Each structure stands twice: as C-alpha cells, then as structure tokens.
Amino acid sequence: MGLGAGALIGRLLRRVLVICFAFLIAASAGALFLPLAALADPVLRETGLRALGATLLGALDEPWREPDLGWSLAVLGQAFWAVLVGVCAAPLAFAALLGEMAGTSSLIWHAGASGALAAASPWILRAARGLPGATHANPLEIRVAVLFFLTGALTGAVYWLIAAREETLR
C-alpha cells in the first residue's frame, strides 16, 4: 500500500462516517417531524387519538385476564417504532444507497426518492404481504401518504444538506 492507497482509504472512511452521521441526523429529524405534523392535521390527530383511546380501553376491557396497560403501551410503542423505521429510516437508506451507487448528489433525487418511497410504504407492505388494498386508497390513506411523503422529503433534504451537498459543491 502506497501513500495513494492510504489517502484513498482515508477519504472512503471519512465519506462513510459523513454518510452515517447524515443518516442519523436526517432520520431523527423525520422522527420528530412525523408526529408533530400528524398532530397539526386535525383529521389525523382525531384518528390517532381515537386509535390510542381504543388501544388503551381494549387493554382495560379484557375479561379473560388482568388489565395490562404496560403491555398495551409496549405494543403501541412497537407500532410507532415500525412506522418510524418504515417512513423515516428505510426509504432514506434505500434512496441514499442508490444515490451513492449512482454517484448522484442531487437534492431532487434525495428528497424526491425518499419522499416517494415513504409515501408508497403502506402499499409496498400490503403488496409484499399479499393483503387487499394494495391497489387503491381511501381519502384518509391519501392524507397519510402525503404526510409520509413530506416526512420522507424532509429526511432526504436533511441528508442532502449534510452528506450529498458536499459532493455537489466539489
């Protein structure tokens, strides 16, 4: 290994660290934005609060066992975690990986691909599991898809600001 190979390895290691840092910051920004934006939309807020209330009441209204509020909250937390991963992390990771492989550092690519994948994630999941509803959506699902798109676009834009913009300016 000559000096050139060491410098190349150093650059690659630096790039990997920047990508990981950008991914963590961008996914965190999306994880903050998603619930705040859902609470700001009156329809999504009402639907979410109704679902939360039904979950909590269901935990207390099970006649065959003792009420277990902790278990219900754990299930609710797992569902929220799955949404965060499916909307904030997975679409961003896929778009960033494809962008790195293709050598693109466009804001339109990172924000658009992350947003489109996040918006499509409910239908992708349904299609992958062979569930009905993978080809159509009701108005509430469209509203959720718009929220998911905005969240994905935000994560992609934050990622671009930290990791990809640097490559664009070179």
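## A look at the overall build of the protein chain
Then step 1. Along its length, the protein chain carries five helices and zero strands.
Then step 2. Of the regular secondary structure in the protein chain, the N- to C-terminal order runs α-α-α-α-α.
Then step 3. Across the 170 residues in the protein chain, those meeting the buried criterion constitute 28%.
Then step 4. Within the protein chain, counting contacts between residues at least 6 apart in sequence, those at least 24 apart form 73% of the total.
Then step 5. Surface summary for the protein chain: the accessible area is close to 10500 Å², and the carbon and sulfur share equals 75%.

## Concerning the pattern of salt bridges
Then step 1. Per the stated rule, a full pass over the model turns up two salt bridges.
Then step 2. Among the salt bridges present, the one from R15 reaches E100, with a minimum N-O distance of 2.6 Å. With R15 in helix α1 (residues 3-40) and E100 in helix α3 (residues 69-102), this pair connects stretches of sequence that are 85 residues apart.
Then step 3. Between D41 and R143 there is a salt bridge, and its shortest N-O distance comes to 2.8 Å. Here D41 is found in the loop between α1 and α2 (42-60), whereas its partner R143 is found in helix α5 (residues 139-169), with 102 residues between them in sequence.
Then step 4. By relative accessible area, which is 15% here, D41 ends up buried.

## Overview of the confidence of the model for the protein chain
Then step 1. Per-residue pLDDT for the protein chain has a mean of 84; in total, 82% of the residues score no lower than 70.
Then step 2. Mean pLDDT across the secondary structure elements of the protein chain bottoms out at α2, with 72, and peaks at α1, with 91.

## Notes on the environment of D41
Then step 1. D41 sits 102 residues away from R143 along the chain, and the two C-alpha atoms are 9.3 Å apart.
Then step 2. Among the polar contacts listed, one links the side chain of D41 to the side chain of R143, at a separation of 2.8 Å.

## So, a nonpolar patch on the surface
Then step 1. On the surface, I142, V146, F149 and L150 cluster together to form a nonpolar patch covering roughly 340 Å² of accessible area.
Then step 2. Assignment of secondary structure puts L150 in helix α5.
Then step 3. The exposure class assigned to L150 is partly exposed, which follows from its relative accessible area of 44%.

## Some words on the side chain of H110
Then step 1. Inspection of the secondary structure assignment puts H110 in helix α4 (residues 107-129).
Then step 2. Other than its neighbours up to four places away in sequence, H110 contacts A95, A96, T104, S105, G156, Y159, W160 and A164.

## Some details on the environment of A119
Then step 1. Relative to the elements of secondary structure, A119 occurs in helix α4.
Then step 2. Residue class for A119 comes out buried when judged on its relative accessible area of 13%.
Then step 3. Along the primary structure A119 and A153 are separated by 34 residues, whereas in three dimensions their C-alpha atoms are 9.6 Å apart.

## Quick word on the side chain of T155
Then step 1. The residue T155 is located in helix α5 in this model.
Then step 2. Setting aside its immediate chain neighbours within four residues, T155 contacts A26, A27, G30, C88, L92 and S114.

## Let's talk about the nonpolar core
Then step 1. Among the nonpolar cores identified, the biggest contains nine residues, and these are L34, A37, L44, L84, V87, C88, A118, L147 and F148.
Then step 2. In terms of residues, this core owes the most to one element, α3, which gives three residues.
Then step 3. Ignoring anything within four residues of it in the chain, the contact list for L44 reads A38, L140, R143, V144 and L147.
Then step 4. Counting eight residues, the second-largest nonpolar core is a separate cluster that includes V18, A22, Y159 and A163.

## Let's talk about α4
Then step 1. The terminal C-alpha atoms of α4 lie 32 Å apart, and with 23 residues this matches the ideal 33 Å at 1.5 Å per residue to within 8%.
Then step 2. Largest kink in α4: about 55°, centred on S121, with the proline P122 one to four residues after it.
Then step 3. Where α4 is concerned, the buried positions are H110, A111, A113, S114, G115, A118, A119, S121, W123 and R126.
Then step 4. The N-capping residue of α4, defined by a side-chain oxygen 3.1 Å from the backbone nitrogen of I108, is S106.
Then step 5. In the stretch just after α4, G130 is the one whose phi turns positive, near 70°.

What counts as what
Residues numbered from 1 in each chain as written. Predicted model: local features only at pLDDT ≥ 70, side-chain atom pairs only at ≥ 80, totals over all residues. Heavy atoms only, no water. Helix = DSSP H or I, 4+ residues; strand = E, 2+ residues; numbered from the N terminus. Buried < 20%, exposed > 50% of the residue type's maximum accessible area, 1.4 Å probe, protein only. Contact = heavy atoms within 4.5 Å. Areas by Shrake-Rupley, 256 points an atom, 1.4 Å probe, with all protein chains shown as cover. Salt bridge = Lys/Arg side-chain N within 4 Å of Asp/Glu carboxyl O. pLDDT = per-residue confidence, 0-100. Polar contact = N/O pair within 3.5 Å; in protein donor to acceptor, adjacent residues only side chain to side chain. Patch = residues over 30% accessible without salt bridge, like charges linked within 9 Å, V, L, I, M, F, W, Y side chains within 5 Å. Core = buried A, V, L, I, M, F, W, Y, C linked by side-chain atoms within 4.5 Å. Expected span 1.5 Å × (residues − 1). Bend = angle between axes of the 7 residues up to and from the residue.

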